[in-house]
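Spelled out, the chains give:
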Amino acid sequence: MYEISTGDAGRFEGEKAARRVYRDGTYVFTFEHAFFIYYCHRATGADTHHRAAGTDTHVYDYIAVDATTGCGSHVCYRDERVPASSYDVLVPDILAAVKYTGDKRAVS
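Calculation notes
- Residues numbered from 1 in each chain as written.
- Predicted model: local features only at pLDDT ≥ 70, side-chain atom pairs only at ≥ 80, totals over all residues.
- Heavy atoms only, no water.
- Core = buried A, V, L, I, M, F, W, Y, C linked by side-chain atoms within 4.5 Å.
- Buried < 20%, exposed > 50% of the residue type's maximum accessible area, 1.4 Å probe, protein only.
- Helix = DSSP H or I, 4+ residues; strand = E, 2+ residues; numbered from the N terminus.
- Contact = heavy atoms within 4.5 Å.
- Phe/Tyr/Trp six-rings, centres within 6.5 Å; stacked < 30°, edge-to-face > 60°.
- Polar contact = N/O pair within 3.5 Å; in protein donor to acceptor, adjacent residues only side chain to side chain.
- Arc of directions from axis to C-beta.
- Salt bridge = Lys/Arg side-chain N within 4 Å of Asp/Glu carboxyl O.

## Quick word on the nonpolar core
- Counting 20 residues, the largest nonpolar core has F29, F31, I37, Y62 and I94 as the members making the most contacts within it.
- Looking at which element gives the most residues to this core, the answer is helix α3 (residues 91–98), with five residues.
- Each residue touching F31, except ones within four places of it in the same chain, is listed here: Y2, E3, I4, I37, V91, I94 and L95.
- Core analysis: the second largest hydrophobic core is formed by nine residues, F12, V21, F36 and I63 among them.

Listed below in structure tokens is the structure:
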């Protein structure tokens, strides 16, 4: 089982103040005491998939940032925010994303 905790919002705000994460990012949780997981939302006007579907909603881009090195990687995007009760559905995407930060937990 992987460790998901939500107690690092203050540290995340420090990263935001230091401009190491997107300024409009919203902290979601910390993965394995090593990665801040957060999301930013973007308008779908430039997104061909959503424009073709005729929806004018937001897309939530989830991002993992190594709390030690500051290296980050795009995790996934979702049409809706992932509720706290379902954070574990992000784990496979997080594992695939952290390989780009040099972390050993990556899926081979």
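## Some points on the packing of aromatic side chains
- Here the structure, examined in full by the defined rule, presents eight aromatic pairs.
- Arranged with centres 5.4 Å apart and planes meeting at 80°, the rings of Y39 and Y60 form a pair that is edge-to-face. Taken together, the residues Y39 in strand β3 (residues 35–43) and Y60 in strand β4 (residues 58–66) connect sequence positions 21 residues apart. The residues Y39 and Y60 share a single accessibility class, namely buried.

## What about the side chain of D61?
- Position of D61 relative to the elements: it lies in strand β4.
- For D61, a relative accessible area of 12% corresponds to the buried category.
- In this structure the side chain of D61 is engaged in a polar contact, spanning 3.1 Å, whose partner is the side chain of H74.
- Apart from the residues within four sequence positions on either side, D61 is in contact with Y38, Y39, C40, R42, H74, C76 and Y77.

## Things to note about helix α1 (residues 9–17)
- Along α1, the positions that sit buried rather than exposed are F12, E15 and K16. Viewed end-on, α1 has its buried residues packed into an arc of 100°, placing them on one side of the element. For α1, the exposed residues lying more than 90 degrees away from the buried face are G10 and A17.
- R19 sits one or two residues past α1 and shows a positive phi near 65°.

## Some words on the pattern of salt bridges
- Counted under the stated rule, the structure contains four salt bridges.
- As a salt-bridge pair, R20 and E15 come within 2.8 Å of each other at their nearest N and O atoms.
- In this structure R20 comes out as partly exposed when scored by relative accessible area, which is 47%.
- The buried category is assigned to E15, whose relative accessible area is 11%.

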